[in-house]
Amino acid sequence: MTGEEMHALVARLYPLCRSITGDGVRRTLEIIGEHLPLDVHEVPTGTQVLDWTVPKEWNIRDAYIKDPSGARVVDFRRSNLHVVGYSVPVSATMTLDELRPHLHTLPGQPDLVPYRTSYYAETWGFCLSQRVLDGLGAGPYEVVIDATLADGHLTYAEHVVRGRSEEEVLISCHVCHPSLANDNLAGIAVATALAARLDSTRLTYRFLFAPGTIGAITWLARNRERTGRIVAGLTLACAGDPGALTYKRSRSGDAGIDRVMAHVLADRPHTIVDFSPYGYDERQYCSPGFDLPVGSLTRTPYAGYPEYHTSGDDPGFVTPGALAGTLEALGEAVTVLERDGRYQNLSPYGEPQLGRRGLYGSLGGRSDTKQAQLAMLWVLNQSDGEHSLLDVAERSGLPFAAVAEAAAALEGAGLLKRVGSADEPAGR
């Protein structure tokens, strides 16, 4: 998928009213399923998942506040952000003073509508711009939320690219937010594009599209035995804004994925931050009982841009170029994960004669011939069975791709052999 195609997917998903459960999530997964085969899971309300319980399912048909003239001054049909997520049904006539405790605005951003939820407390509310609120009279107002909160299911989906190894890379993105383009329709679009391009891989890649927090917890509860296969992972969010890429390290801080992302981002504008137990679902995967090697990739991090969790996070805030840039970085990370490994130099006494083996000639005629020759020398020197190709790239300052190509050429010439498990994670 191109940046424009990913942006079109964001725009198509944008109007849907998603929450942690309900038909909006199902419809979102149906649309993703047009691009990828998905295994969709339905987990019943009341199911115990670790320390949590799958909640009731919430669905909404309509909601509004009508002024005395009958005009909808707040209208769910115009934006699903106007209703507090998980609001219980309401049908009442109220004055503005009676309504105020149920109204949410952003006084510092008077033209924007905030995003608010009430997942685990049965209450209700509306979100509107401060400017609209300031223009409201005393009332009375007709107040309606036509919604249901009843036993149902939590829905999540997986797409798995089977590799030659059972060792897995987990790519996780949340699908619970309503009309918020960067958080996280951009993450969904980039994950979908990455999954669609993977084929004939060494490692197995598991893409998880699940509601935030409760979805990740549910997946972990149902896949305890699988978590031991995860050798690397990323949560993916806020992937389409104009900011530089930001990587948040795993709980250990020095997992293979941490080294991979640091190397991939080195030549790009970026920020790397240490792990903290606040953020997206990396905090579930990195909880101490699981302690998985999972980091987080965003552009501008959560709460780091004024449009975050407001109506300003619309498709116009997300750019095709930023989506394409995030996908490109992920693609390079996959290349490192796929091609990294440890090698043994089979001619370690002195420097082997590369010219008579046609190695210089096989890489000649290119602008990066000198780099390719230098990469071969570095690989030969460092291939003692202990150092990985990522080690070589980091020490030499050469691009990982050049190092991997040199290793392949040397292996083909009988000068190297791969050692250790072919499935060991990158960065070990």
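Our subject in this report is the structure included herewith. Every value quoted in this text rests on a predicted model; they were computed, and no experiment measured them. (Residues numbered from 1 in each chain as written. Predicted model: local features only at pLDDT ≥ 70, side-chain atom pairs only at ≥ 80, totals over all residues. Heavy atoms only, no water.)

Overview of the environment of Asp-51
Position of Asp-51 among the secondary structure elements: in the loop between β2 (48–49) and β3 (52–53). Between the C-alpha atom of Asp-51 and that of Gly-233, which follows or precedes it by 182 residues, the distance is 23 Å. (Helix = DSSP H or I, 4+ residues; strand = E, 2+ residues; numbered from the N terminus.)

Things to note about helix α13 (residues 400–412)
In this model, α13 (13 residues) spans 18 Å end to end at C-alpha, consistent with the 18 Å of a helix rising 1.5 Å per residue. Of all the positions in α13, only Phe-400, Ala-402, Val-403, Ala-404, Ala-406, Ala-407, Ala-409 and Leu-410 are classed as buried. (Expected span 1.5 Å × (residues − 1). Buried < 20%, exposed > 50% of the residue type's maximum accessible area, 1.4 Å probe, protein only.)

Observations concerning the sheet that holds strand β6 (residues 90–94)
Spatially, β5-β4-β9-β6 is the arrangement adopted by the four strands of the open sheet, whose pairing is antiparallel. Edge positions in the sheet fall to β5 (72–75) and β6, since each has one partner strand and no second. Neighbour-to-neighbour, the strand axes of this sheet turn through a mean angle of 15 degrees, independent of strand direction. Two strands pair when backbone bridges link them, and strand β4 (residues 57–66) and strand β9 (residues 141–150) are joined in this way by nine bridges, in the antiparallel orientation. Opposite Tyr-64, over in β9, you have Val-144 as the bridge partner. (Pairing = 2+ DSSP bridges. Axes fitted to C-alpha atoms, helices over the stretch in contact; angles between N-to-C directions.)

Focus: the environment of Asp-267
Within the secondary structure, Asp-267 sits in the loop between α7 (256–265) and β15 (270–273). The class of Asp-267 is exposed, set by a relative accessible area of 76%. For the pair Asp-267 and Pro-399, spaced 132 residues apart in sequence, the C-alpha to C-alpha distance is 9.4 Å.

Some points on the nonpolar core
Core analysis: the largest hydrophobic core is formed by 76 residues, its most contacted members being Tyr-205, Phe-207, Phe-209 and Leu-410. Excluding residues that lie within four positions of it along the chain, Phe-209 makes contacts with Leu-29, Ile-32, Leu-36, Leu-38, Tyr-156, Ala-157, Cys-173, Val-175, Ile-188, Ala-191 and Thr-192. Listed in part, the 53 residues of the second largest apolar core include Val-54, Leu-128, Leu-180 and Ile-217. (Core = buried A, V, L, I, M, F, W, Y, C linked by side-chain atoms within 4.5 Å. Contact = heavy atoms within 4.5 Å.)

Things to note about the pattern of salt bridges
Scanning all chains against the criterion turns up 22 salt bridges. Note that Glu-34 is salt-bridged to Arg-12, the shortest N-O span being 2.7 Å. One end of the pair, Glu-34, is in the loop between α2 (23–32) and β1 (39–44); the other, Arg-12, is in helix α1 (residues 3–13), and 22 residues separate them in sequence. On the basis of relative accessibility, which here comes to 47%, the residue Glu-34 falls in the partly exposed class. Its relative accessible area of 38% is what places Arg-12 among the partly exposed residues. Where Asp-62 meets Arg-77, a salt bridge forms, and the shortest distance between an N and an O atom there is 3.1 Å. In this pair, Asp-62 is assigned in strand β4 and Arg-77 in the loop between β5 and β6, connecting sequence segments 15 residues apart. On the basis of relative accessibility, which here comes to 9%, the residue Asp-62 falls in the buried class. (Salt bridge = Lys/Arg side-chain N within 4 Å of Asp/Glu carboxyl O.)

Section: the environment of Trp-52
One can find Trp-52 in strand β3. The exposure class of Trp-52 is partly exposed, given its relative accessible area of 32%. Considering only alpha carbons, one finds Trp-52 and Ile-214, 162 residues apart in sequence, at a separation of 7.6 Å.

With respect to the packing of helix α5 (residues 181–197) against helix α9 (residues 320–339)
Contact geometry for α5 and α9: axes closest at 10 Å, N-to-C directions at 45 degrees. Of the possible angle classes, the one that applies to α5 and α9 is oblique. Pair α5 / α9 crosses with right-handed handedness. In this structure, α5 uses Ala-186, Val-190, Ala-193, Leu-194 and Arg-197 to contact α9, whose residues at the interface are Leu-323, Thr-326, Leu-327, Leu-330, Gly-331 and Val-334. For the contact of α5 with α9, the per-class residue count stands at eight nonpolar, two polar and one charged. (Parallel < 35°, antiparallel > 145°, perpendicular 65-115°, else oblique. Left-handed = near helix turned anticlockwise from the far one by under 90°. Nonpolar A, V, L, I, M, F, W, Y, C, P; charged D, E, K, R; others polar.)

Focus on the layout of surface pockets
Gaps left between atoms show up when a probe the size of a water molecule is rolled over them. Taken as a whole, the largest pocket encloses approximately 370 Å³ of empty space. Forming the boundary of the largest pocket are 20 residues, of which His-177, Thr-213, Gly-279, Arg-283 and His-309 lie nearest the centre. A breakdown of the residues in the lining of the largest pocket according to their chemical character gives 10 nonpolar, seven polar and three charged. For the second largest pocket, the calculated volume is near 240 Å³. Lining the second largest pocket are 13 residues, with His-263, Asp-267, Glu-332, Pro-399 and Phe-400 sitting closest to its centre. Elements with a contribution of two residues or more to the lining of the second largest pocket: α7, α9 and α13. (1 Å grid on protein atoms, 1.4 Å probe; cavity = no way out; pocket = protein on both sides within 12 Å on 5 of 7 lines; lining within 4 Å. Points joined across faces, edges and corners; volume = space filled by probe spheres on them.)

With respect to the pairing of β5
Two strands pair when backbone bridges link them, and β4 and β5 are joined in this way by three bridges, in the antiparallel orientation. Looking at the pairing, Ile-65 lines up with Val-74 of β5. The hairpin turn running from β4 into β5, its antiparallel successor, is five residues long, and Gly-70 in that turn takes a positive phi close to 95 degrees.

So, the pairing of strand β14 (residues 245–248)
By the alternation rule, side chains of β14 split into Leu-245 and Tyr-247 and Thr-246 and Lys-248, which are all buried. Where β14 and β15 come together, four bridges link them in parallel fashion. Considered in β15, the bridge of Thr-246 is made with Thr-271. As for the winding sense of the linkage, the β-α-β connection from β14 through α7 to β15 is right-handed. Both β14 and strand β16 (residues 294–298) contribute to a ladder of three bridges, which runs antiparallel. For Tyr-247, the partnering residue across the bridge sits in β16 and is Leu-297. (Right-handed = clockwise from strand over helix to strand, strands pointing away.)

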